[in-house]
Amino acid sequence: CIRDRYYSTIRMQNTGEEVMPTVGKLVEAALRAYLAKNKQLPSLIIFYRDGVADNQINSIIKVEIDSIKQGFARVEPTYNPQFAHVVITKKINDRFFELGGGRDGGKYRNPTSGTLVCSEIVSDNFDFFICAQNVTQGTATPTRYNVVYNSTTLSAETFYLLTFQQCFNYYNWTGAIRTPACTQYAHKLGFLIGQTFQDQPHINLENTLFYL
């Protein structure tokens, strides 16, 4: 995000290939676009990574984080921003409920939008659950966030709040969605490219939300 703007670019991968060794080139392109717009590089970068299974997290740590750091260096050799890499997992079996106020006098109800679970059932690593969306039918599925790399000075509470607030920034919905808006934009872009374009979009579209 360039302040109130979004930049997008793509790299084609083979079907079923989830780990992106070239993600650093995407980050490099985004940083150069940011620099051209703002005349300076960001001092803090929070990278949300969606679409990763649990058994791929180690590959993400070994391959993608190193690639991103190389992207930093290609923009400027001495560039070393505060950086956090957050892996998002949506396909989980965990479910949370609040006591009382269920439909038709039920004992339980879906968690309120903004429900955070960051203790008791999480691991010893920096991970947490947020149920950002407001679900009135069916059972709400929370989203798990795993901070696999963090060189920032941000508090855990800042990560929780930032992540929740970003779920309200998706222009196609008036409330909160399950994940930060940037990941949903990336999903929409990837689907459009994979199903229709199957090529790099025109450069004039890079600073627009044409995929919506």
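Structural notes, computed from the coordinates. Residue indices begin from 1 for each chain and proceed along its sequence in written order. Two thresholds apply to this predicted model, a pLDDT of at least 70 for residue-level local features and 80 or more for giving and counting side-chain atom pairs, whereas whole-chain, interface and lining totals are computed over all residues. Only hydrogens and water are set aside; all other atoms, that is, all heavy atoms of the structure, feed into the side-chain values.

**Quick word on the packing of helix α1 (residues 23-38) against helix α2 (residues 57-75)**
What describes two packed helices is the angle between their axes and the distance between those same axes. What counts is decided by this rule: Every angle, taken between N-to-C directions, lies between 0 and 180 degrees, and every axis is a line fitted to C-alpha atoms, over only the stretch in contact when it is a helix. Helix numbers and strand numbers start at the N terminus; a helix is a DSSP run of H or I with at least 4 residues, a strand a run of E with at least 2. Each crossing gets its handedness from the near helix: less than a right angle anticlockwise from the far helix is left-handed, clockwise is right-handed. Every residue pair with non-hydrogen atoms within 4.5 Å of one another is taken to be in contact. Just so you know the grouping, Ala, Val, Leu, Ile, Met, Phe, Trp, Tyr, Cys and Pro go in nonpolar, Asp, Glu, Lys and Arg go in charged, and all remaining residues, Gly too, go in polar.
Between α1 and α2, whose axes approach to 7 Å, the crossing angle comes to 35 degrees. Remark: the crossing between α1 and α2 carries right-handed chirality. Every residue of α2 that contacts α1 at V23, G24, K25, V27, E28, L31 and R32 is listed here: E64, S67, I68, G71, F72, R74 and V75. The residue inventory of the contact of α1 with α2, partitioned by class, reads six nonpolar, three polar and five charged.

**Description of α1**
As a reminder of what qualifies: A helix is expected to reach a length of 1.5 Å times the quantity of its residues less one. The cut-offs for exposure are 20% and 50% of the maximum accessible area for each residue type, with area from a 1.4 Å probe on protein chains only; residues under the lower value are buried, those over the upper are exposed, and the others partly exposed.
Here α1 contains 16 residues, and its C-alpha end-to-end distance of 22 Å stays within 8% of the 22 Å for a straight helix at 1.5 Å per residue. Regarding α1, the residues found buried are V23, G24, L26, V27, E28, L31, A33, Y34 and N38. Considering only its buried residues, α1 is in contact with β1 (44-49) and α2. Positioned one or two residues after α1, K39 has a phi angle of 65 degrees, which is positive.

**What to know about the pairing of strand β2 (residues 82-89)**
Our working rule: The criterion for strand pairing is that DSSP finds at least two bridges linking the strands in question.
Counting buried positions along β2 gives seven out of eight residues, so the element sits mostly inside the fold. Sheet topology note: the β1/β2 ladder contains six bridges and is parallel. Bridge assignment links I45 to a residue of β2, and that residue is F83. Pairing analysis gives six bridges linking β2 to strand β7 (residues 143-150), with the strands arranged antiparallel. In the strand pairing of β7, I88 is matched with Y145.

**Let's talk about the packing of aromatic side chains**
Rules: Whether two aromatic rings pair depends on their centres lying within 6.5 Å, for rings of Phe, Tyr and Trp, where Trp uses its six-membered ring; planes under 30 degrees apart make the pair stacked, over 60 edge-to-face, and the rest tilted.
By the definition in use, this model includes 16 aromatic pairs. Taken together, a centroid distance of 4.9 Å and an interplanar angle of 70 degrees make the contact between Y6 and Y185 edge-to-face. Highlighted residues: Y6 in the segment before α1 and Y185 in helix α4 (residues 181-197), separated in sequence by 179 residues. For the pair F126 and F128, a centre-to-centre distance of 6.0 Å together with 45 degrees between the ring planes defines the contact as tilted. On the accessibility criterion, F126 (23% relative accessible area) is partly exposed.

**Description of the nonpolar core**
Our working rule: Among the buried residues, those of types Ala, Val, Leu, Ile, Met, Phe, Trp, Tyr and Cys that are joined through side-chain atoms within 4.5 Å form a nonpolar core.
Ranked by size, the top nonpolar core spans 20 residues in total, and within it L31, I68, F72 and F83 carry the most contacts. Counting only elements with at least two residues in this core, the list comes to α1, β1, α2 and β2. Here this core takes six residues from α2, the largest share from any one element. Once residues lying within four places of it in the same chain are set aside, the contact partners of F83 are I45, F47, I65, I68, F72, Y149, N150, S151 and T152. Membership of the second largest hydrophobic core comes to 13 residues, among which are A132, F159, Y160 and A176.

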